[in-house]
Amino acid sequence: VPEDQADKLLLASWGLPRAVLQKYHSLGVVQMFEWQAECLMLGQVLEGKNLVYSAPTSAGKTLVAELLILKRVLEARKKALLILPFVSVAKEKKCYLQ
């Protein structure tokens, strides 16, 4: 992340609603890793263009997907489909995203 955009590491700089930020903060998520912010700043990803990224297990891939989905749903009033690999994860995300 360029020095002049270091604030992009903070979740609060992405224009998310206060309730969403409070939920992330209650889980201890206040900022992102540099690679996560870079994913969100690539090309026109925030305008709905495709993004393919890869990272090890537990590296934070889900946060990138959640932020893209939330911004798209809230700002563009578009629907989103989130496909998850396990029923347990789907139930967890359902409660979390409500």
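Residues numbered from 1 in each chain as written. Predicted model: local features only at pLDDT ≥ 70, side-chain atom pairs only at ≥ 80, totals over all residues. Heavy atoms only, no water.

Engineer: Any chance you could explain unusual backbone geometry here in plain terms?
Structural biologist: Excluding glycine, residues mostly have negative phi values, and the peptide bonds linking residues are mostly trans. In this model, Ser 58 sits at a positive phi of 65°, which is unusual for a non-glycine residue. Tracing the backbone through its elements, the reader meets Ser 58 in the loop between helix H2 (34-41) and helix H3 (61-76). The backbone phi angle of Arg 77 is positive, close to 55°, even though this residue is not glycine. With respect to the element layout, Arg 77 can be found in the loop between H3 and helix H4 (87-97). (Helix = DSSP H or I, 4+ residues; strand = E, 2+ residues; numbered from the N terminus.)

Engineer: Would you mind showing me how to read the side chain of Lys 71 here?
Structural biologist: Relative to the helices and strands, Lys 71 resides in helix H3. According to the relative accessible area criterion, Lys 71 is buried, its value standing at 12%. When sequence neighbours within four positions are dropped, the list of residues in contact with Lys 71 reads Trp 14, Leu 16, Leu 46 and Ala 76. (Buried < 20%, exposed > 50% of the residue type's maximum accessible area, 1.4 Å probe, protein only. Contact = heavy atoms within 4.5 Å.)

Engineer: Is there a simple way to explain the packing of aromatic side chains in this structure?
Structural biologist: Centre-to-centre distance and the angle between the planes together describe a pair of aromatic rings. One pass over the full model with this rule turns up one aromatic pair. Each ring, one from Trp 35 and one from Tyr 53, has its centre 6.3 Å from the other, and the planes form 40°; the classification is tilted. Of this pair, Trp 35 sits in helix H2 while Tyr 53 sits in the loop between H2 and H3; the two residues are 18 residues apart in sequence, bridging distant segments of the chain. The ring of Trp 14 has Lys 8 lying over it, and the distance from NZ or CZ to the ring centre is 4.8 Å. (Phe/Tyr/Trp six-rings, centres within 6.5 Å; stacked < 30°, edge-to-face > 60°. Lys NZ or Arg CZ within 6 Å of the ring centre and 35° of its normal.)

Engineer: I tried to follow the side chain of Glu 66 on my own but got confused; where do I start?
Structural biologist: Here Glu 66 is to be found in helix H3. At 2.5 Å, the side chain of Glu 66 forms a polar contact with the side chain of Lys 93. (Polar contact = N/O pair within 3.5 Å; in protein donor to acceptor, adjacent residues only side chain to side chain.)

Engineer: Explain the environment of Leu 9 here, please?
Structural biologist: Along the polypeptide, Leu 9 turns up in the segment before helix H1 (18-26). Using a relative accessible area of 16% as the deciding quantity, one classes Leu 9 as buried. A C-alpha to C-alpha distance of 8.7 Å links Leu 9 and Val 30, two positions 21 residues apart in sequence.

Engineer: In this structure, what is going on with the UniProt feature "domain: DEAD/DEAH-box helicase" (unreviewed entry) in the protein? I would like to understand it.
Structural biologist: As annotated by UniProt and renumbered to match this structure, "domain: DEAD/DEAH-box helicase" (unreviewed entry) occupies residues 43-92. Structurally, residues 43-92 comprises 44% helix and 0% strand, and the distance from its first C-alpha atom to its last is 31 Å. (UniProt positions renumbered as here; feature names shortened; annotations may be inferred.)

Engineer: Which parts of the structure should I look at to understand the pattern of salt bridges?
Structural biologist: Pairing is possible between side chains of opposite charge, provided their charged atoms come close. Within this structure, the stated rule accounts for two salt bridges. The residue Glu 66 makes a salt bridge to Lys 93 at a minimum N-O spacing of 2.5 Å. Here Glu 66 is found in helix H3, whereas its partner Lys 93 is found in helix H4, with 27 residues between them in sequence. Neither Glu 66 nor Lys 93 differs from the other in exposure class; each is buried. For Lys 71, the salt bridge is made with Glu 75, and the minimal N-O distance between the two is 2.5 Å. Linking Lys 71 with Glu 75, this pair stays in helix H3, spanning four residues, or about one helical turn. (Salt bridge = Lys/Arg side-chain N within 4 Å of Asp/Glu carboxyl O.)

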